[in-house]
Amino acid sequence: MSHNGYKIMKSVTACVLFLLVAGLTGCATAPPTVSAGDTADTITYEVYGMDCPGCHGGVEKNLKKIPGVADAAANWKEKTIVLTLAPDEEVSHAAVEQAVKDSNFSLGKRID
Ligand SMILES: [Cu+2]
């Protein structure tokens with residue numbers, strides 16, 4: 001089972017999608033930090049490469065290590081991660097990207 005090859009392909013797809021989205025919005029660089037905004041304390045990202053519930057543990061653990069993140073929940077079926085931020089906290093976009101990468105998945109765009 002070429003699990004890794006599949007993941008690399010997904011990573012490349014995610015990168016291309018990210019660049020497309022960034023290009024369309026006229027912004028080539030990701031914002032350094034993201035906040036949940038005034039009305040919510042969660043942020044949701046697309047994540048590529050998760051293909052079973054077993055994938056959740058590692059990525060959730062790595063995300064919870066990020067300063068400002070109170071909780072993290074992954075959903076492989078919906079291909080999302082939901083970060084719950086500590087009150088009045090912002091989180092580094094680069095840190096989220098790195099935590100997902102360290103878990104061998106790739107971060108897509110923020111969807112909520
Ligand atoms: Cu899995």
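Definitions and cut-offs
- Residues numbered from 1 in each chain as written.
- Predicted model: local features only at pLDDT ≥ 70, side-chain atom pairs only at ≥ 80, totals over all residues.
- Buried ≥ 20, exposed ≤ 12 C-beta atoms within 10 Å, placed from the backbone.
- Helix = DSSP H or I, 4+ residues; strand = E, 2+ residues; numbered from the N terminus.
- Pairing = 2+ DSSP bridges.
- Axes fitted to C-alpha atoms, helices over the stretch in contact; angles between N-to-C directions.
- Parallel < 35°, antiparallel > 145°, perpendicular 65-115°, else oblique.
- Left-handed = near helix turned anticlockwise from the far one by under 90°.
- Contact = placed C-beta atoms within 7 Å.
- Nonpolar A, V, L, I, M, F, W, Y, C, P; charged D, E, K, R; others polar.
- Arc of directions from axis to C-beta.

> Can you help me understand the pairing of strand 4 (residues 80-85) in this one?
One face of the sheet, then the other: side chains in a regular strand alternate in exactly this way. Burial of strand 4 is one-sided: the residues Ile-81, Leu-83 and Leu-85 facing one way are buried, the residues Thr-80, Val-82 and Thr-84 facing the other way are not. In this sheet, strand 4 lies alongside strand 2 (residues 42-48) in antiparallel orientation, the contact comprising 5 bridges. Across the sheet, residue Tyr-45 finds its bridge partner in strand 4, namely Ile-81.

> It is not clear to me how the packing of helix 2 (residues 56-64) against helix 3 (residues 93-102) should be interpreted in this structure. Could you clarify?
Pairs of packed helices are described in terms of their axes, by the angle between the two and the distance that separates them. Taken N-terminus to C-terminus, the directions of helix 2 and helix 3 make an angle of 150°; their axes are 8 Å apart at the nearest point. Judged by the angle between their axes, helix 2 and helix 3 are roughly antiparallel. In this structure, helix 2 crosses over helix 3, and the sense of that crossing is right-handed. Contacts between helix 2 and helix 3 involve Val-59, Asn-62 and Leu-63 from the former and Val-96, Ala-99, Val-100 and Asp-102 from the latter. Partitioned by chemical class, the residues of the contact of helix 2 with helix 3 number 5 nonpolar, 1 polar and 1 charged.

> Help me out: how do you make sense of the environment of Ala-36 in this one?
Inspection of the secondary structure assignment puts Ala-36 in the loop between strand 1 (33-35) and strand 2. Separated by 50 residues in sequence, Ala-36 and Ala-86 place their C-alpha atoms 9.9 Å apart. Setting aside anything within four residues of it in sequence, one finds Ala-36 in contact with Asp-41, Thr-42, Ile-43 and Leu-85.

> In this structure, what is going on with helix 2? I would like to understand it.
Three- or four-residue spacings in an α-helix give side chains the same orientation, since the helix completes a turn every 3.6 residues. Looking only at helix 2, the buried set comprises Val-59, Asn-62 and Leu-63. Viewed along the axis of helix 2, the buried residues span an arc of 100°, placing them on a single side of the element.

> I'm lost on helix 3 in this one. Help?
The set of residues buried in helix 3 consists of Val-96, Ala-99 and Val-100. In an axial view of helix 3, the angular spread of the buried residues amounts to 95°, which keeps them on one side of the axis. Packing partners of the buried residues in helix 3 comprise strand 2, helix 2, strand 5 (90-92) and strand 6 (106-110). Downstream of helix 3 by a residue or two, Asn-104 has a phi angle that is positive, lying close to 70°.

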